[in-house]
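Observations on the three-dimensional arrangement
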Amino acid sequence: MTKSVHALAIEPLNMALTVTGRKAYNVMLYISQHSSPDPEGWYSSPVSAILRGYGSTTKASERLQRYIEQMVTTAVVWRPLAASEQGILFSTDGADTDIDPDAPDAEPGGGRARLADDDEARTFPLLAEARLSRRNGEAWVKWVYPPSIKEQLINPDRYAQIELQSIALLTTYTSVALYEICARFKSSPGALTNRASPDFWSRVLREGGDIKPREWRKIKNELVVPAIAEINDVTEINIELVEHRPGNAVVSVQFRVTRKPRERDRARGPTDVAQVLRAARLDIREADFDALTTKYGAYKVAEALDALESYVNDPTATKIVNRTAYLRTILANRYPDNQEQILAPQEAAATAAGPVQQVIAAESRDDLVKKWIAGRYKQLNAEFAELSDEERAKWIDVTATRFTTPAVKRRLENRDWVSPLVNHLVLDEYASSTYGSEWKKPTDMDLTMFKVAEARRS
């Protein structure tokens with residue numbers, strides 16, 4: 001998922017925010033980014049989708065209301081991680097702030113931010129309101145964001161790539177908070193987070209709620225060091241603590257961040273939240289979705305949901321009375337090896353009518369790989385364009401050291417990275433460092449998913 005850089009380093013003020021509450025908030029944000037609100041601006045989801053998103057089970061559904069109440073009532077200060085992100089201080093303490101960040105009591109890389117003439121300090125909770133209800137025997141939750149921050153959360157102008165699968169595997173608030181901040185820098189050529197005072201890190205790495213201040217050495221030994229070990233063990237990044245000591249005392253702290261090669265391709269963690277949510281919107285009950293996923297596997301069920309959704313959205317198609325039964329029929333006919341009894345040909349023909357059973361035309365693997373790589377370059381182009389000018393310049397400079405051709409060097413020196421002559425060279429350098437040296441070698445699953453997506457667009 002993408003998360004606004006403004007929302008990574010947060011300090012809960014009036015009450016502590018639990019690790020589960022923070023995980024659930026991330027999942028709800030992910031769901032909001034992948035769905036559309038109703039006409040009044042409300043987002044909704046079955047409780048089961050939120051629980052699965054952070055690795056919990058439906059047995060914990062009765063506790064979700066408590067976590068949602070935290071989101072509505074917890075006041076949070078959103079602290080900037082870089083000078084370029086200090087234009088607005090997102091504050092929920094009810095006080096306007098117009099304080100110079102270079103003032104003596106301000107933390108490096110954080111603290112209060114000077115407001116430009118057209119900026120304003122804003123006050124808000126994490127959620128404006130939330131409601132719980134039941135639909136078809138299942139618990140659902142709907143929520144709405146404060147208007148002043150909704151757009152930044154749903155469509156952030158600058159964001160970090162946060163892996164929900166990684167967050168689900170972390171067990172402490174400090175681990176989750178530190179992972180989110182470090183994820184902001186995992187694609188940065190400098191590989192270092194912002195440099196800030198120990199007090200800044202103490203504020204953003206603890207649950208908050210006016211908890212008692214503690215010495216940095218105690219917080220480091222009891223919270224930060226264990227969090228680093230857990231992050232390095234179960235997530236896609238490795239981090240290292242860097243303390244700056246002009247004398248005996250630690251005056252500032254930052255973290256070195258590196259990405260594990262190909263770690264992002266490892267299948268683990270919770271069920272894809274998007275699939276759980278999509279099944280619920282198609283009136284597939286959680287128990288039936290679980291049973292089909294156990295029998296056929298997550299990918300096959302996702303592909304069958306594609307077909308069901310396509311049919312449901314076809315205005316010329318006959319209305320389906322029992323969508324769960326229809327989904328079972330799709331899976332039974334596409335994957336008969338998973339069946340003890342295969343449907344008779346006439347039964348299969350009767351249920352295969354319409355766009356559901358359209359067959360994707362076969363093509364050679366080489367042609368498919370070429371299309372997949374072209375798609376990856378298109379994604380990388382958009383991703384690279386989202387970087388700041390400073391970050392892009394670092395990658396362009398690294399690329400320039402590898403080439404001596406006058407025409408290439410001239411375009412790189414002019415920062416003309418979109419030029420066809422150098423575009424792939426720059427993107428190759430960026431992708432190899434960010435995603436590993438084999439980023440252009442798709443797996444069979446990559447090609448299959450690409451083929452399905454291509455068929456849906458046609």
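Since we're looking at a predicted model, the values are computed, not measured. Sequence positions are assigned chain by chain, starting from 1 and proceeding in written order. Whole-chain, interface and lining totals are the exception, using all residues; otherwise, since this is a predicted model, local features are given only for residues with pLDDT of at least 70 and side-chain atom pairs are given and counted only at 80 or more. Neither water nor hydrogens contribute to the side-chain values; these are computed over all heavy atoms in the structure.

Moving on: the overall build of the chain. For the chain, the helix and strand inventory stands at 18 helices and nine strands. Only protein chains enter the accessibility calculation, which uses a 1.4 Å probe; a residue is then buried when its area is under 20% of its type maximum, exposed when over 50%, and partly exposed in between. Among the 458 residues that make up the chain, the fraction classed as buried is 48%. Carbon and sulfur atoms make up 49% of the accessible area of the chain, which totals about 22400 Å². Helix and strand assignments follow DSSP, with helices taken as H or I runs no shorter than four residues and strands as E runs no shorter than two, numbered in order from the N terminus. The protein chains shown are the only cover counted for residues, whose accessible areas, like all others here, come from Shrake-Rupley with a 1.4 Å probe.

A word on the packing of aromatic side chains. In summary, the pairing rule links any two rings of Phe, Tyr or Trp, Trp by its six-membered ring, whose centres are within 6.5 Å, and it sorts them by plane angle into stacked for under 30 degrees, edge-to-face for over 60 and tilted for everything else. Inspection of the entire model under this criterion finds eight aromatic pairs. Centroid distance Tyr-43 to Tyr-145: 5.9 Å. Interplanar angle 65°. Geometry classified as edge-to-face. Taken together, the residues span a long stretch of sequence, with Tyr-43 in strand β3 (residues 43-46) and Tyr-145 in the loop between β6 (138-144) and α4 (147-154) at a distance of 102 residues. Overall, Tyr-145 belongs to the buried group, its relative accessible area being 1%.

With that settled, the discussion passes to unusual backbone geometry. We note that Ala-191 has phi near 60°; this positive angle belongs to a residue other than glycine. Here Ala-191 lies in the loop between α6 (173-183) and α7 (198-204). Of the residues examined, Ala-191 reaches a relative accessible area of 17% and is grouped as buried. With a phi angle near 65°, Asp-283 is a residue other than glycine that sits in the positive phi range. Mapped onto the elements of the fold, Asp-283 is located in the loop between α9 (273-281) and α10 (286-296). Taking relative accessible area as the criterion, Asp-283 reaches 45% and is therefore assigned partly exposed.

Glancing now at the pairing of β6. Counting buried residues along β6, five of its seven residues qualify, which places the element largely inside the surrounding structure. Here a strand pair is declared whenever DSSP counts at least two bridges between the two strands. With four bridges joining them, β3 and β6 adopt antiparallel strand pairing. In the sheet register, Ser-45 faces β6, and the bridge partner there is Val-141. Two successive antiparallel strands, strand β5 (residues 129-135) and β6, enclose a turn made up of two residues, where Asn-136 displays a positive phi of approximately 50°.

This brings us to the pattern of salt bridges. What counts as a salt bridge is simple: a side-chain nitrogen of Lys or Arg found within 4 Å of a carboxyl oxygen of Asp or Glu. Inspection of every chain in the model, using the stated rule, returns 17 salt bridges. For Arg-203, the salt bridge goes to Glu-11, with nearest N and O atoms at 3.1 Å. Taken together, the residues span a long stretch of sequence, with Arg-203 in helix α7 and Glu-11 in strand β2 (residues 9-12) at a distance of 192 residues. Taking the relative accessible area as the measure of exposure, Glu-11 reaches 10% and is therefore buried. Measuring nitrogen to oxygen at the nearest pair gives 2.7 Å for the salt bridge that ties Glu-236 to Lys-186. Of this pair, Glu-236 sits in the loop between α8 (216-234) and β8 (237-244) while Lys-186 sits in the loop between α6 and α7, and the two are 50 residues apart along the sequence.

Another point: the nonpolar core. Think of a nonpolar core as a cluster: buried Ala, Val, Leu, Ile, Met, Phe, Trp, Tyr and Cys residues, connected wherever their side-chain atoms sit within 4.5 Å. Counting 68 residues, the largest nonpolar core has Ile-50, Trp-78, Trp-143, Tyr-145, Leu-178, Ile-181 and Trp-201 as its most contacted members. Only heavy atoms enter the contact rule, under which two residues are in contact if any of them lie within 4.5 Å. The residues contacting Trp-201, other than those within four sequence positions of it, are Ile-181, Thr-193, Asn-194, Ala-196, Trp-216, Val-253, Gln-254 and Phe-255. Counting residues in hydrophobic clusters, the runner-up holds 19 residues, among them Leu-305, Tyr-311, Leu-331 and Ala-332.

What follows concerns the pairing of strand β9 (residues 252-259). With six of its eight residues buried, β9 lies for the most part within the structure. Here β8 runs beside β9; their pairing, made up of eight bridges, is antiparallel. Bridged to Asn-238 within β9 is Thr-258.

Inspection of the secondary structure puts Ile-330 in helix α12 (residues 323-334). Along the primary structure Ile-330 and Val-301 are separated by 29 residues, whereas in three dimensions their C-alpha atoms are 9.4 Å apart.

It is worth spelling out empty space enclosed by the protein at this point. Points on a 1 Å grid over protein atoms alone make up a cavity when a 1.4 Å probe fits among them but cannot get out, and a pocket when they form an open set with protein on both sides within 12 Å along at least five of seven lines; lining residues each have an atom within 4 Å of a point. Grid points are joined across faces, edges and corners, and a volume is the space filled by probe spheres set on the points. Scanning the model with the defined rule gives four cavities of 30 Å³ or more in all. Here the largest cavity is characterised by a volume of approximately 280 Å³. Around the largest cavity sit 19 residues that line it, and Tyr-159, Ala-160, Arg-184, Ser-187 and Leu-387 are the ones nearest its centre. Of all the secondary structure elements, the ones that give two or more residues to the lining of the largest cavity are β7 (159-161) and α17 (423-435). Counting residues per element, the lining of the largest cavity draws most heavily on β7, which supplies three residues.

A few words on the sheet that holds β3. Taken in spatial order, the three strands line up as β3-β6-β5 in an open sheet, and their pairing is antiparallel. Across the chains shown, the open sheet's two edge strands, defined by having one partner strand only, are β3 and β5. The mean inter-strand angle of the sheet, taken between neighbouring strand axes irrespective of direction, is 25°. Inter-axis angles, ranging from 0 to 180 degrees, are taken between N-to-C directions of lines fitted to C-alpha atoms, where helices are fitted over the stretch in contact.

This next bit is on the environment of Ile-68. Residue placement: Ile-68 occurs in helix α3 (residues 61-73). Distance from Ile-68 to Arg-131, taken between C-alpha atoms, is 9.0 Å for residues 63 residues apart in sequence.

When pLDDT is averaged across the chain, the result is 75; 75% of the residues are at 70 or more. The score called pLDDT rates the predictor's confidence residue by residue, from a low of 0 to a high of 100. Within the model, the stretch residues 87-123 combines pLDDT values under 50 with 83 contacts to residues more than four positions away or in other chains. pLDDT under 50 marks residues 263-271. Its contacts with residues more than four places away, or in other chains, come to 22 contacts.

Take Lys-370: it is sitting in helix α14 (residues 365-385). Here Lys-370 falls in the exposed class, since its relative accessible area comes to 59%. Spatially, the C-alpha atoms of Lys-370 and Lys-440 are 9.8 Å apart, while their sequence positions differ by 70 residues.

Let us now look at the packing of helix α1 (residues 19-33) against α6. The interhelical angle for the contact between α1 and α6, taken along N-to-C directions, is 35°, at an axis separation of 8 Å. As α1 runs across α6, the sense of the crossing is left-handed. Listed contacts from α6 to Val-19, Arg-22, Lys-23 and Asn-26 of α1 are Tyr-173, Val-176, Ala-177 and Glu-180. Tallied by class, the residues present in the contact of α1 with α6 amount to four nonpolar, one polar and three charged. Crossings are assigned a handedness: left-handed for a near helix turned anticlockwise from the far helix by less than a right angle, right-handed for a clockwise turn. Side-chain classes follow a simple rule in which Ala, Val, Leu, Ile, Met, Phe, Trp, Tyr, Cys and Pro form the nonpolar group, Asp, Glu, Lys and Arg form the charged group, and the remainder, Gly included, forms the polar group.

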